[in-house]
Amino acid sequence: MLSSSTVTQSPFSVFLAQPTKLSLALSFGLLSLLLPAALTLPTAPAQAGTCASSCGPKPIRFIPGEQVKVELVNRTAGLILLEEVQGSDPIPVSPTRNFRLTRQGGTVENSSVVFWDANGFPLEVKISQPQKDVLRIEVNPGYTVPGDRSIYLQDDGSVQIL
């Protein structure tokens, strides 16, 4: 007959008798199984870059109070009508033509330029600042209704497309 001191216990019975050792042993066991899998997961490589490589174009700004020349370029196949001051007669700009507005003021008056296609088609504009005192508005055919309809030159020198 075997005495209780001579009976060998399995390693699991020791862990079952001591729950803190069981959870610690299981943690190490799981860690040893998961660590190689985690190390082989594909990861995206880190990329270094400057703001210029991913920030987009520089915002268009004018010096508040200085005179701004507005140039409209019609890149559509139709007639574009242009109005700088509400209530004035619209200025027609033929297809593939440019028109430069002679403005009396600068950015102080919160001015806007309103434009539309004579046939009612939607328009899309792209604005640029080729010179420090020139706002260039390139009008292209639009594909979403209502499209772009005006440019708002704010008194702080910023420009909005509405």
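The residue numbers shown here count from 1 along each chain, following its written sequence. Local features in a predicted model are, by the rule used here, given only for residues with pLDDT of at least 70; side-chain atom pairs are given and counted only at 80 or more, and totals for whole chains, interfaces and linings are based on all residues. The side-chain numbers reported here are obtained from all heavy atoms of the structure, hydrogens and water having been left aside.

S.K.: Looking at this structure, I do not really get the pattern of salt bridges. What am I missing?
M.R.: Pairing between side chains of opposite charge can happen when the charged atoms of each approach one another. By definition, a salt bridge exists where a carboxyl oxygen of Asp or Glu is found within 4 Å of a side-chain nitrogen of Lys or Arg. If you walk through the whole model with that rule in mind, you get five salt bridges. When the shortest N-O distance is used, the salt bridge between E71 and R100 registers 3.9 Å. Placement of E71 in strand β1 (residues 69–74) and of R100 in strand β4 (residues 98–101) is noted, with a sequence separation of 29 residues between them. For R100, a relative accessible area of 41% puts it in the partly exposed group. Note on conventions: DSSP H or I runs of at least 4 residues are helices, E runs of at least 2 residues are strands, and numbering of each starts at the N terminus. A simple rule labels every residue: compare its accessible area, found with a 1.4 Å probe on the protein chains alone, to the largest value its type can have, and call it buried under 20%, exposed over 50%, or partly exposed in between.

S.K.: What should I look at first to understand the sheet that holds strand β6 (residues 123–131) in this one?
M.R.: Backbone-to-backbone hydrogen bonds pair the strands of a sheet. The strands run either parallel or antiparallel. Only when DSSP finds a minimum of two bridges between them are two strands counted as paired. Reading across from one edge, β4-β1-β7-β6 is the order of the four strands in this open sheet, with mixed pairing throughout. The open sheet has two edge strands with one neighbour each: β4 and β6. Averaged over all neighbouring strand pairs, the angle between strand axes comes to 20 degrees, with direction disregarded. Direction of pairing for β6 relative to strand β7 (residues 134–141): antiparallel, over a ladder of seven bridges. Each axis is a line fitted through C-alpha atoms, and for a helix only the stretch in contact is used; angles between axes span 0 to 180 degrees, taken between their N-to-C directions.

S.K.: I tried to follow the nonpolar core on my own but got confused; where do I start?
M.R.: Nonpolar side chains in soluble globular proteins generally cluster together in the buried interior. By nonpolar core is meant a set of buried Ala, Val, Leu, Ile, Met, Phe, Trp, Tyr and Cys residues that side-chain atoms within 4.5 Å join together. Counting 19 residues, the largest nonpolar core has F115, L135 and I137 as the members making the most contacts within it. Elements that contribute at least two residues to this core include exactly β1, β2 (80–83), β5 (111–117), β6, β7 and β8 (150–153). Take this core: its biggest share by element is three residues, from β7. Here, two residues are considered to be in contact whenever any of their heavy atoms come within 4.5 Å of each other. For L135, the residues in contact, after removing those within four places along its chain, are I60, F62, V68, K69, V70, E71, I127, S128, I151 and V159.

S.K.: What should I look at first to understand the environment of K69 in this one?
M.R.: As for its placement among the helices and strands, K69 is situated in strand β1. Classification of K69 by relative accessible area gives partly exposed; the value is 32%. Between the C-alpha atoms of K69 and L101, which are 32 residues apart in sequence, the distance is 6.4 Å. Apart from residues lying up to four places away in sequence, K69 is in contact with R100, L101, D133, V134 and L135.

S.K.: Which parts of the structure should I look at to understand the side chain of E83?
M.R.: Along the chain, the position of E83 falls in strand β2. No salt bridge forms around the buried E83; measuring N to O, its nearest opposite-charge neighbour R149 is 13 Å away. Those residues within four positions of E83 in sequence are excluded, and the remaining contacts are S88, P90, S112, V113, V114 and W116. His is not counted, nor are the chain ends; Lys and Arg add positive charge and Asp and Glu add negative charge.

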